[in-house]
Amino acid sequence: MKNIYLTTLLTLLLFSCSNDDSTPSIENSIQLPTIEGISATTAAAGDIVTITGKNFDLNTGYIVKFNEVEGTVTEVAPTFLKAQVPEEATTGDITLTANGQTTVVGTIEIRTTDIFVFHSSVQKLAKIDIGTGDLTYIGENIDYGANTRGAVLHKQNNEYIGFENDFTQPYLIRINLETGNIINVSIPTSFLTVGVDFDDMSIDKDDNVYIFHTSAKKIAKIDIATGNLTYIGENIDYGANTRGAVLHKQNNEYIGFENDFTQPYLVRINLETGNATNVSIPTSFLTAGADFSDITIDENDNIYIFHDSVKKLAKIDIATGNLTYIGENIDYGRNSLGAVIHTQKNEYVGFEDNFGEPFLARVNLETGAATSVAIPSSFLTEGFDFDDIVVRQ
């Protein structure tokens, strides 16, 4: 009888143990998928990153974080998962979490887009918050802004490089975007015997800097260490009333826009041969007027310009000069200081000085929707003169 009692007690204890919380639940028994890789090692906010592998479960709530900032899972399939990079993401690990388990699936560098403008009134370079218009200053007491010919972003040196025409002794101003330190590089006088008029500095994908020497009717590559000019082509009809220039990567061309008051045209200069081709804007696009502002180019070599006379942004066909308009009734172009393409936002972003109330004009390149972002008055107490917007992305 005693043995039967002990046997029964032991059976009850074993049954109790078999039903305690230590037994894995169905949910916790689900394993993380086998990860094979990620689709990109660099991305920007809003991009979609694909995590590939095996055994993704369509019914599991996966969490993907980019350096501890949660993204949005947009699609799950048995062999992959897609997640959108959040706005606040920074460079670091990508992690995947499911059912309380977390694994690192890769690392990613988050690309950012920064826009800079020179605030002449305070002699400082500034980074602009395109959402609020707030300025973050870099450096001080910088001698620039009297008679500029545009600025570029030199990626390798992390420098804002502007060209100051100065009427007698033109020079480059190189501003380090981290330290604010400046270097002035004069154009040697040996290049100025025919005159000191220049127009429209631009830069190519390899950080080569070009400018049009109007007095010499030649395009020139600038040595940013010495200021020496290497000329390309000659007798080029350009520089009377320009609206900026860009570098077309695929065609290896410097392309400037000559407003000309009545018959505006593109000037396309091959950077190897120096051959120049003029492409007029057809008169059918000029019935409302021939005022334009601020040519710029995107990463796919699409060229845009703002047509002030019709208050529309336009994409230019560089072979025919035809315009494809984007948006309408856009408040921009009275006293503008250049424009850039914000790749991440897919926007044309121009800076309007506006005679005392400067603002950014942001135009979506797909929808044409336009947004104005004013520079807060707290930044304008010493003046509202600005010069030469550039982008780093």
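Numbers given for residues are sequential positions, taken from 1 along each chain in its written order. Where local features are concerned, this predicted model is filtered to residues with pLDDT of at least 70; where side-chain atom pairs are given and counted, the filter is 80 or more; whole-chain, interface and lining totals use all residues. Working from all heavy atoms in the structure, the side-chain values ignore hydrogens and water.

Visitor: In this structure, what is going on with the overall build of the protein? I would like to understand it.
Guide: Helix numbering and strand numbering both begin at the N terminus, where a helix is a DSSP run of H or I of at least 4 residues and a strand a DSSP run of E of at least 2. Assigned secondary structure in the protein consists of two helices and 33 strands. The contact criterion used is simple: two residues touch if any of their non-hydrogen atoms lie within 4.5 Å. Partitioning the contacts of the protein with sequence separation of at least 6, the portion at a separation of at least 24 is 46%. Under the convention used here, a 1.4 Å probe and the Shrake-Rupley method define accessible areas, while residue burial counts only the protein chains that appear. If you sum the accessible surface of the protein, you get close to 19,100 Å²; carbon and sulfur atoms cover 47% of it. Charged-residue counts in this description rest on Lys and Arg as positive and Asp and Glu as negative, His and the chain ends being excluded. Charged side chains are reduced to one point each, which is NZ for Lys, CZ for Arg, CG for Asp and CD for Glu. The averaged location of the 53 negative side-chain charges in the protein is 3 Å from the averaged location of its 24 positive side-chain charges.

Visitor: Honestly, unusual backbone geometry in this entry has me stumped. Any pointers?
Guide: Both trends apply: most residues other than glycine have a negative phi, and most peptide bonds are in trans. Even without being glycine, Asn55 reaches a positive phi, approximately 70°. Of note in the backbone geometry, Asp200 takes a positive phi value of approximately 60° without being a glycine. Looking at where Asp200 falls in the secondary structure, it is placed in strand β17 (residues 198-203). Only protein chains enter the accessibility calculation, which uses a 1.4 Å probe; a residue is then buried when its area is under 20% of its type maximum, exposed when over 50%, and partly exposed in between. Overall, Asp200 belongs to the buried group, its relative accessible area being 10%.

Visitor: Please explain the pattern of salt bridges as it appears in this structure.
Guide: Where charged atoms from two side chains of opposite charge approach closely, those side chains can pair. Take a side-chain nitrogen of Lys or Arg and a carboxyl oxygen of Asp or Glu: if they are within 4 Å of each other, that pair is a salt bridge. For the coordinates displayed, the defined rule picks out eleven salt bridges. As a salt-bridge pair, Arg111 and Asp47 come within 3.4 Å of each other at their nearest N and O atoms. In this pair, Arg111 sits in strand β9 (residues 101-111) while Asp47 sits in the loop between β2 (42-44) and β3 (48-54), placing the two residues 64 residues apart along the sequence. Residue Asp47 is classed as partly exposed on the basis of its relative accessible area, which comes to 28%.

Visitor: Which parts of the structure should I look at to understand the environment of Gly256?
Guide: Structurally, Gly256 can be placed in strand β22 (residues 253-258). Along the primary structure Gly256 and Gly239 are separated by 17 residues, whereas in three dimensions their C-alpha atoms are 8.9 Å apart. Gly256 has contacts with Tyr238, Gly244, Ala245, Tyr265, Leu266 and Val267, leaving out every residue within four places of it along the chain.

Visitor: Before we go on, may I ask you to explain the sheet that holds strand β15 (residues 171-176) in this structure?
Guide: Adjacent strands of a sheet pair through backbone hydrogen bonds, lying either parallel or antiparallel. Think of it this way: DSSP has to see at least two bridges between two strands before they count as a pair. Taken together, the four strands give an open sheet; going across it, the order is β13-β14-β15-β16, and neighbouring strands pair in antiparallel fashion. Here the strands that pair on one side only, and so sit at the sheet edges, are β13 (148-154) and β16 (182-186). Ignoring which end each strand starts from, the neighbouring axes of this sheet average 20° apart. As paired strands, β15 and β16 are joined by five bridges and run antiparallel to one another. When the bridges of β16 are listed, Leu172 appears paired with Val185. Here an axis means a line fitted to C-alpha atoms, over the contact stretch when the element is a helix, while the angle between two N-to-C directions is reported on a 0 to 180 degree scale.

Take it as geometry only, folks, not as evidence of what the structure does.
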